[in-house]
Amino acid sequence: MPISKSLTWLNRFAWLTVVATLLLICSGGMVTSKGVGLAVPDWPTTFGYNMFLFPASKWIGGVFFEHTHRLIASTVGMLTIILAVWLWCAESRRWVHMLALAAVGAVILQGILGGLRVTMLKDEIGIFHACLAQAFFALMVIIALVTSRSWSEQIPAIRDGKLLRAIALLTTVLIYIQLALGATMRHQHRDLSITDFPTAYGEWVPDTSSAAIATINAARDRIGMSDVSAAQIWLQMAHRFGGVLVAVGVIWFFLCAQCEKISPLRGLSIAWLIGVFVQIGLGAWTIWSNKAADVATTHVAIGATMLGLGAIICAFCSRRMEKTVSRTHQLASDPAIV
C-alpha cells in the first residue's frame, strides 16, 4: 500500500521523537551515574529561575548534567504532544490514537515523577522513574514502527510464528526486568556490590554468610569502599543471571529466525544478537572500570536499544501472525481464491 508524503514525514517525526527519548535516557543515566540528581535542589524551577531562562554561565559541574536533563525532558514532552496531535489528525486507525494518548499520559507522569524525585528525596521514585522511561521508549518505538512503510508491506507467512512470538515476548520481558534490576542498583547510589567479573569475590557463587560479609566489608573498608549487604550482592548476581537468560533467549530467537524467509525478522535478529554481546561486554567493563559514568551510561543506552529492538520484533511477530491467520480464514471460507 503506497504511503503518502505527509505520512512519511509523520513517521520521520516519530523516529525523531524516539531518538530524542533515547538521548533523554542517556542523559538520565549520566545524572544517576555521576550522582548529581540533586545538584539542582528545586523543581520545576532551577535555583529559582524559570527552567528555560536559567543562565548558561551557571551550567557548571553537576548542575550542567541535571539541568540539561530537564531541558531534554521538556523537549521530549513537547515532541510527544506534537506527535500525538499529528497522529490523531492523520491516522485513521483508532488503536494508534490510543497509543498516542498513552504516550502523552506516560510523558506527563514521567515529568511528575522526575520532579517528585527531587522534592521528596525518595530513591524508590527514582527507580520507578527509570523503569517508566524504558517503557515509554518502547512505546515510542512501537508508534514509529506502526507508522512506517515496512509495517504495511505484505510479506511471507511465518512457519513457526507462535514459537517465534513466544521467544521474542519472553526475551523482551526479561530485558525489561534486567533494566529494572539495573535501575534498582544504580539508584542505591553506592559503590559496586561485587567488584570482580565474571566471578564474585573470587567465587562463581559468592558466600554471603555473616562471617563472609564481615570479611568482604573489612576488605572494602581498606580501599575506601562502602559496606555491602548480602541482599545487595544477590541483587547484582540476579542481574548477572538475568543477563545469561537474555543471551539464551536472543540466541534462540536468532537461530529460529534464520530459518524464516522474512528479511525484517532475520535482520532484526542479527541486530539483537550483536546487541546482547555488546551489552555483556559493557556490563563487564562497568565493573572493571569501577562503574565509570560514561561506561555505565552506555550500558544503560544499549539496554534501552535492546528493549526497543525486542518491542519491534514482538510487534512484527504479532503482525505476521495476524496476517497469516487472516489469510488462512479467508482461504477456508472461500476455496475459489485458491
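Provided above is the structure to which this section pertains.
Keep in mind that what you see is a predicted model, and the values were worked out from it rather than measured. (Residues numbered from 1 in each chain as written. Predicted model: local features only at pLDDT ≥ 70, side-chain atom pairs only at ≥ 80, totals over all residues. Heavy atoms only, no water.)

Visitor: So what exactly am I meant to see when it comes to the pattern of salt bridges here?
Guide: Where charged atoms from two side chains of opposite charge come close, those side chains can pair. In this structure the tally under the stated criterion is three salt bridges. As a salt-bridge pair, Arg117 and Asp123 come within 3.0 Å of each other at their nearest N and O atoms. Taking the relative accessible area as the measure of exposure, Arg117 reaches 15% and is therefore buried. Classification of Asp123 as partly exposed rests on a relative accessible area of 29%. (Salt bridge = Lys/Arg side-chain N within 4 Å of Asp/Glu carboxyl O. Buried < 20%, exposed > 50% of the residue type's maximum accessible area, 1.4 Å probe, protein only.)

Visitor: Would you take a moment to explain the packing of helix H2 (residues 62-90) against helix H3 (residues 94-120) for this structure?
Guide: Each pair of packed helices gets described by two things: the angle between the helix axes and the distance between those axes. For the pair H2 and H3, interaxial distance at closest approach is 9 Å and the crossing angle is 160°. Classified by the interaxial angle, the pair formed by H2 and H3 is roughly antiparallel. Crossing hand, H2 versus H3: left-handed. Only Val96, His97, Met98, Ala100, Leu101, Ala103, Val104, Val107 and Val118 of H3 make contact with H2, whose side of the interface consists of Glu66, Arg70, Val76, Gly77, Thr80, Ile81, Ala84, Leu87 and Trp88. (Axes fitted to C-alpha atoms, helices over the stretch in contact; angles between N-to-C directions. Helix = DSSP H or I, 4+ residues; strand = E, 2+ residues; numbered from the N terminus. Parallel < 35°, antiparallel > 145°, perpendicular 65-115°, else oblique. Left-handed = near helix turned anticlockwise from the far one by under 90°. Contact = heavy atoms within 4.5 Å.)

Visitor: Help me understand the environment of Ala135, please; the structure alone is not making it clear to me.
Guide: Relative to the elements of secondary structure, Ala135 occurs in helix H4 (residues 123-146). It is 9.1 Å that separates the C-alpha atoms of Ala135 and Ala304, two residues lying 169 residues apart in sequence.

Visitor: Even after reading the chapter, I still don't get a nonpolar patch on the surface, so can you show me in this structure?
Guide: A cluster of nonpolar residues, Ile108, Ile112, Leu116 and Met120, forms a patch on the protein surface that exposes about 340 Å² of accessible area. With respect to the helices and strands, the residue Leu116 is situated in helix H3. By relative accessible area, Leu116 is classed as partly exposed at 32%. (Patch = residues over 30% accessible without salt bridge, like charges linked within 9 Å, V, L, I, M, F, W, Y side chains within 5 Å. Areas by Shrake-Rupley, 256 points an atom, 1.4 Å probe, with all protein chains shown as cover.)

Visitor: Explain unusual backbone geometry to me, please; I cannot follow it from the model alone.
Guide: For residues that are not glycine, phi is negative in most cases, and the peptide bond is trans in most cases. Of the consecutive residues Trp43 and Pro44, the connecting peptide bond is found in the cis state with omega at 10°. Within the secondary structure layout, Pro44 lies in the loop between helix H1 (5-34) and H2. With an omega of 10°, the peptide bond running from Phe197 to Pro198 counts as cis. Within the secondary structure layout, Pro198 lies in the loop between helix H6 (161-186) and helix H7 (210-222). You will see that Tyr201, though not glycine, has its phi angle at about 55°, which is positive. Residue classification places Tyr201 among the partly exposed positions, given a relative accessible area of 24%. With a phi close to 60°, Asn290 is a non-glycine residue in the positive phi region. Along the chain, the position of Asn290 falls in the loop between helix H9 (263-288) and helix H10 (293-333).

Visitor: How should I be thinking about the packing of H3 against H4 in this particular structure?
Guide: Two elements in contact, H3 and H4, have axes separated by 9 Å at closest approach and are oriented at 160°. By the angle between their directions, the pair H3 and H4 is classed as roughly antiparallel. Crossing of H3 against H4: the hand is left-handed. Looking at the contact of H3 with H4, its residues break down into 22 nonpolar, four polar and two charged. (Nonpolar A, V, L, I, M, F, W, Y, C, P; charged D, E, K, R; others polar.)

Visitor: What should I look at first to understand the environment of Asp227 in this one?
Guide: Within the secondary structure, Asp227 sits in the loop between H7 and helix H8 (230-257). For Asp227, a relative accessible area of 36% gives the class partly exposed. Along the backbone, Asp227 and Asp191 are 36 residues apart, and their C-alpha atoms lie at a distance of 8.4 Å.

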